[in-house]
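Fold and geometry: a report
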Amino acid sequence: MSAAGIASQLLQFAIALALAPLLVGWVNQCRAWLQNKSAPSLFLPYFTIRKLFVKDAVVAEGASAIFRTTPYIVFGAMCCAAAIVPSLATDLPFARAADAIALVGLFALARVFIALAAMDIGTAFGSLGARREMLVGFLAEPALLMVLFTASLISGSTSLPTIVDTFAHRDLAIYPSLAFAGVAFTMVSLAENARIPVDNPATHLELTMIHEAMVLEYSARHLALIEWAAALKLFNYSCIGLALFFPWGIAAAEDGWLALLGAAPVLIVKLALGGFLLAVIETLSAKMRIFRAPEFLGTAFLLAVLAMLVNQMLGS
Amino acid sequence: MTVPPLSLVIAAIVAWLAIGTTGLVRPRNLRFVSRALFPAGAIVGLALAAVAGYSIDLPPASAVLPLGLPDLPFHLRLDALSAFFLLLLGAAGAAISLFSAGYFRSSEGTPPGVICFQYHVFLAAMAFVLVADDAYAFMVAWESMALASFFLVITEHRIAEIRRAGFLYLLIAHIGAIAILLAFGVLQGGTGDYTFDSMRAVILQGAWPTTAFFLALAGFGAKAGLLPLHIWLPEAHPAAPSPVSALMSGVMLKTAIYGLLRVTFDLMHAQLWWWGVVALALGLSTALFGVVFAAVQTDMKRLLAYSSIENIGIIVAGIGLAILFKAYDKPLLTAVTLTAVLYHALNHAFFKSLLFLATGSVLHATNERSLGKLGGLIHRMPWVAWLALVGTLAAAGIPPLNGFVSEWLLLQAFLFTPSLPQSFVNMLVPLAAAALVLSAALAAYVMVKFFGVVFLGRPREPNLAYARDAGRFERFALIYLGAGCVLLGVLPVNVIALIEPVNTLLIGTRASQPIADNWLLLAPISADRSSYSPLIVLAVIVGVVMLTMRVVHRLYHGRVRHAPAWDCGFPLQTPRMQDTAEGFGQPIRQIFEPFFLIERHLPSPFDPAPRYSVKAHDRFWGALYLPIARGAESLARLAGLIQRGRISVYLTYSFCTLLALLFFVR
């Protein structure tokens, strides 16, 4: 464990915490442009989080401790994930404590707690949201795992930094398996981050919402943490995608301090492009009925399995 | 002078038998049985676990007990495999005994003293199964185990449904026992010597090893609940008292895993690769089937029973993978896979016992097993609820609890598979891995449903307001198991050190030097490939949670107001508007519709008292069991044709038989 490693770990963590709301603001802004609306401020998510922290928390009668601790646990799990995913550098001492499979486990931890918290009050919408979230989760989680498996079969490791190191230093060749995996990953990310074809982050229309239905009862600091955690989740997924499919520019262990500083602008540019792409996808597609979501996710799962099969067949 | 561990194990078995027999002296004295005998049984269990844990690293020890038939003594042997499962039995059994001390009450059914006798005979028989070293002793113990558990299942024998469930269990148990007996018959290879020692020495030729393996798979699979012999589990578990369900699901199913491992890896020398493929496919279909059915259950114990089927499926799939690796001579990978298998068996014993015992507490507090009539118990029964949450998260495979570690190890084993020489197998692996992760993800769905519907939300029935938390004994037992789930989850390196000797015994290789980098970091093969440290993950999550709480409260404030739930402004809210168990399972029922035989009752618009009901049935009943039952019945009816009930007809039969015999024998 080197000093540079610890520094890059802390820097990456701080950048994830700080930039995650900005990414959400950027996606919203791009979407507004594309849809010919006047865009809100780029920094709106920060203002929202600050406003929520100031307010008094309202907790529903009959809520148990699960309801009140869940925002912290979800936030903690997402922070933990942000420390694992190599976004700036691959020299991450903490990443050894949890590999790609454990990363998916951390996402599952957050999901299970938020679903339980949604059921805690005993409202109709809460349990509806919990059920739908688990429905999305049980298909999205294996698909994500299969995508990561494909990458780990290619690189011979489930440790994310090692995967990125191998991918960044290989020749620029076309990996058919990664193409399948990339499509599957995009679909999964849309579903997991409550984005448009599956869920709509801007809706409060009862019949269609998933994520919003679960967090209906939250207010003030609890809601602020959940929003921040959701932003971190989007950030994490974007970084996983960038790390797996566009790993160039991430500083390796031997590159030194300068590369670390150079990696930050590269990351921001990549995230900006990724966020724009997300806005394009969200603008071009329509929200599908909830009953179609299993088909969508089932397709993603099958594509991910196909990616692994192709990898086995072609050895690439 | 030191006492050999095997003698101590025998002493524990005898102690359990003695405790059980004492229960018979005053069968109706509940106080004596529950306050003295069950706690004593728990202490014996702990002692057994300690002895087993100590002897796991020792060389195998054998003994001959001059019991049984003349010239056919019982051979006993304590090696690492037995010791590991004895540890599992003792550690989980101790908690269940402690819980039983607070659980059993006087009822219409079997008197408490007799339950105590059956219960301790059951424990002793399981321990005896694990140390038996010849087919005769093994079968005696195996059958005593089946019988004792049968009587425990039908504790409430005045209810016809429970008797029916018990009969089904006994039937499947015997089908399994016949298969196991035949497997031993094949394994002795014509020597006529049924000791395991001689079976180890025999080298079977031709199709015989395959026959033996599949007989063992069918026999032990019947006990473990493998497809299609799983049907007794969802019937017997709800029928049995909760500690018995916990013992059967947490421990007894593992004796079947023990048997399968013993036969496959110890008594046989060579394994064929396609056995592994079959076991893998069977295990994964069992896992998927179990978890899909668990998702649509409305009875909490049936739900857990199906979840046990799922976990057994995962374990058997792991055994299949281990066979595959062994057949291709990859000792290191075999060791990793077997470690995952044994680890998962231990984990399942802890979290499933915890969950079954928690349902027992709920059942006592509310008299209700149906998920649709529970809810909101976290306020009334905080101890049970929070400990059940630990079990729920463990069963859902959530890090950093124990269920995740073994699944993590198993997935690692899958990812190593591409090094196998056969391309067909290499193609199979992605599909198998996909099925495994799908069932693991569905398990989280099932567990959220279980915990959310039982403990969260608002009480669905008015009488739930009077539910009382578990008593002292029950609470201690639940705490013990919950702590076990956490410790097994965060200290994987230490647990694996315990499993190492079993690997050495079964395949002659230790996985140790690669599995553990240091005491913190779990890293099979090498730390570059993969590593996981639950303790660090736990510490970081807890640290971030505490820090966030402090910072938010310090920088802003910690004010809280309580108000009625908002729920999008809907004014009318009744507890019946929450998701029921049917509602929560509905998406799964829809997606996996071909799996089920669905019986739906839709009310007509003119119905004065409209009722909607939907039931998902097991297709195996109609496709497999009912035809067999009908076939047996019609055969019996055919045989009945010759029974005329007149003595002259029977005399004619005897005459004809004699004639035929004279003709053939001459």
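Residues numbered from 1 in each chain as written. Chains lettered and ligands numbered in written order. Predicted model: local features only at pLDDT ≥ 70, side-chain atom pairs only at ≥ 80, totals over all residues.

With respect to the overall build of chain B
How we decide: For helices the rule is a DSSP run of H or I covering at least 4 residues; for strands it is a run of E covering at least 2, with both sets numbered from the N terminus onward. Restricting the calculation to C-alpha atoms gives the radius of gyration, and the globule rule supplies 2.2 Å times the number of residues raised to the power 0.38. Comment: burial labels come from other C-beta atoms within 10 Å of the residue's own C-beta, placed from the backbone, where a count of 20 or more is buried, 12 or fewer is exposed, and between is partly exposed. For every residue pair, C-beta atoms are placed from the backbone, and the pair is scored as a contact if these atoms sit within 7 Å.
The secondary structure content of chain B amounts to 24 helices and five strands. Relative to the compact-globule value of 26 Å for 666 residues, chain B shows a C-alpha radius of gyration of 26 Å, a close match. The C-alpha extent of chain B, read off along each of the three principal axes, is 100 × 70 × 60 Å. In chain B, buried positions account for 55% of the 666 residues. Of all intrachain contacts in chain B linking residues separated by at least 6 positions in sequence, the fraction that spans at least 24 positions is 78%.

Some details on the interface of chain A and chain B
Rule in force here: In short, DSSP must find at least two bridges between two strands for them to pair.
Between chain A and chain B, the contact holds 68 residues from the first and 68 residues from the second. Every element with two or more residues in the side of chain A that touches chain B is listed here: α2 (44-54), β1 (57-60), α3 (65-84), α4 (100-120), α5 (124-155), α9 (220-245) and α11 (293-314) of chain A. Sorting elements by how many residues they give to the side of chain A that touches chain B places α5 of chain A first, with 17 residues. Inspection of the sheet shows β1 of chain A paired to strand β3 (residues 560-563) of chain B by four bridges, in the parallel sense. Its bridge partner lying in β3 of chain B, Ala 60 of chain A is registered against Ala 563 of chain B.

A look at unusual backbone geometry
With an omega of -10 degrees, the peptide bond running from Leu 227 of chain B to Pro 228 of chain B counts as cis. By the secondary structure assignment, Pro 228 of chain B is in the loop between α8 (208-224) and α9 (232-239). In this structure, Pro 400 of chain B follows Pro 399 of chain B across a cis peptide bond, with omega equal to 5 degrees. Considering the arrangement of structural elements, one finds Pro 400 of chain B in the loop between α15 (382-395) and α16 (402-416). Positive phi is not limited to glycine here, since Ala 220 of chain A has a value of about 50 degrees. Tracing the backbone shows Ala 220 of chain A in helix α9.

Points about α15 of chain B
Counting along an α-helix, one turn takes 3.6 residues, and residues three or four places apart therefore face a common direction. All names here are of chain B. Here is the rule we go by: The span one expects for a helix is its residue count, reduced by one, times 1.5 Å.
With 14 residues, α15 should cover 20 Å at 1.5 Å per step; its first-to-last C-alpha distance of 20 Å lies within 8% of that length. Most of α15 is tucked away, with eleven of its 14 residues classed as buried. Among the residues making up α15, those that are buried are Val 384, Ala 385, Leu 387, Ala 388, Leu 389, Val 390, Gly 391, Thr 392, Leu 393, Ala 394 and Ala 395. With its phi angle positive at about 70 degrees, Gly 397 sits one or two positions after the end of α15.

Structural notes on the environment of Gly 259 of chain B
In this structure, Gly 259 of chain B sits in helix α10 (residues 242-267). Note: C-alpha distance between Gly 259 of chain B and Ala 470 of chain B (211 residues apart in sequence) is 36 Å.

Focus: the packing of helix α2 (residues 30-55) of chain B against helix α3 (residues 80-103) of chain B
All names here are of chain B. Which entries qualify depends on this criterion: To get an axis, fit a line to the C-alpha atoms, keeping to the stretch in contact for a helix; angles then go from 0 to 180 degrees between the N-to-C directions. Roughly parallel means an angle under 35 degrees; roughly antiparallel means over 145; roughly perpendicular covers 65 to 115; every other angle is labelled oblique. By convention, the crossing between two helices is left-handed when the near helix turns anticlockwise from the far helix through less than a right angle, and right-handed when the turn is clockwise.
In contact at an axis separation of 7 Å, α2 and α3 are set at 160 degrees when each is read in the N-to-C sense. What the angle tells us is that α2 and α3 run roughly antiparallel. α2 and α3 meet at a crossing whose hand is left-handed.

Topic: the confidence of the model for chain B
Quick reminder of the rule: A residue's pLDDT is simply how confident the predictor is in it, with values from 0 to 100.
Per-residue confidence for chain B gives a mean pLDDT of 86; residues scoring 70 or more make up 97%. Ranking the elements of chain B by mean pLDDT puts helix α20 (residues 512-515) of chain B last, at 51, and α15 of chain B first, at 93.

With respect to the pairing of strand β4 (residues 596-601) of chain B
All names here are of chain B. Among the six residues in β4, zero count as buried, and that is only a small part of the element. In this structure, β4 lies alongside strand β5 (residues 613-618), joined through six bridges in antiparallel fashion. Its bridge partner lying in β5, Ile 598 is registered against Ala 616.

Side note on the nonpolar core
Considering soluble globular proteins, one finds that nonpolar side chains tend to be buried as a cluster. Counted only if it meets this: As used here, a nonpolar core is made of buried Ala, Val, Leu, Ile, Met, Phe, Trp, Tyr and Cys residues. They are joined through C-beta atoms within 7 Å.
Ranked by size, the top nonpolar core spans 374 residues in total, and within it Ala 143, Met 146, Val 147, Ala 184 and Ala 304 of chain A together with Ala 127 of chain B carry the most contacts. Take this core: its biggest share by element is 23 residues, from helix α17 (residues 423-455) of chain B.

Thoughts on helix α19 (residues 492-507) of chain B
All names here are of chain B. For clarity, the threshold we go by: The reported bend at a residue is simply the angle between two axes, fitted to the 7 residues ending at it and to the 7 residues beginning with it.
End to end, α19 covers 21 Å across 16 residues, agreeing with the expected 22 Å (1.5 Å per residue, within 8%). In the structure, α19 departs most strongly from a straight axis at Leu 498, where the bend amounts to approximately 35 degrees and where the proline Pro 501 lies between one and four residues downstream. Where α19 is concerned, the buried positions are Pro 492, Val 493, Val 495, Ile 496, Ile 499, Glu 500, Pro 501, Val 502, Asn 503, Leu 506 and Ile 507. Backbone geometry just downstream of α19 places Gly 508 in the positive-phi region, at approximately 75 degrees.

Describing the environment of Tyr 237 of chain A
Residues and elements named next belong to chain A. Take Tyr 237: it is sitting in helix α9. C-beta crowding within 10 Å serves as the criterion here: with 24 such atoms nearby, Tyr 237 is assigned to the buried category. In sequence terms Tyr 237 and Ser 189 are 48 residues apart; their C-alpha atoms lie 6.4 Å from each other.

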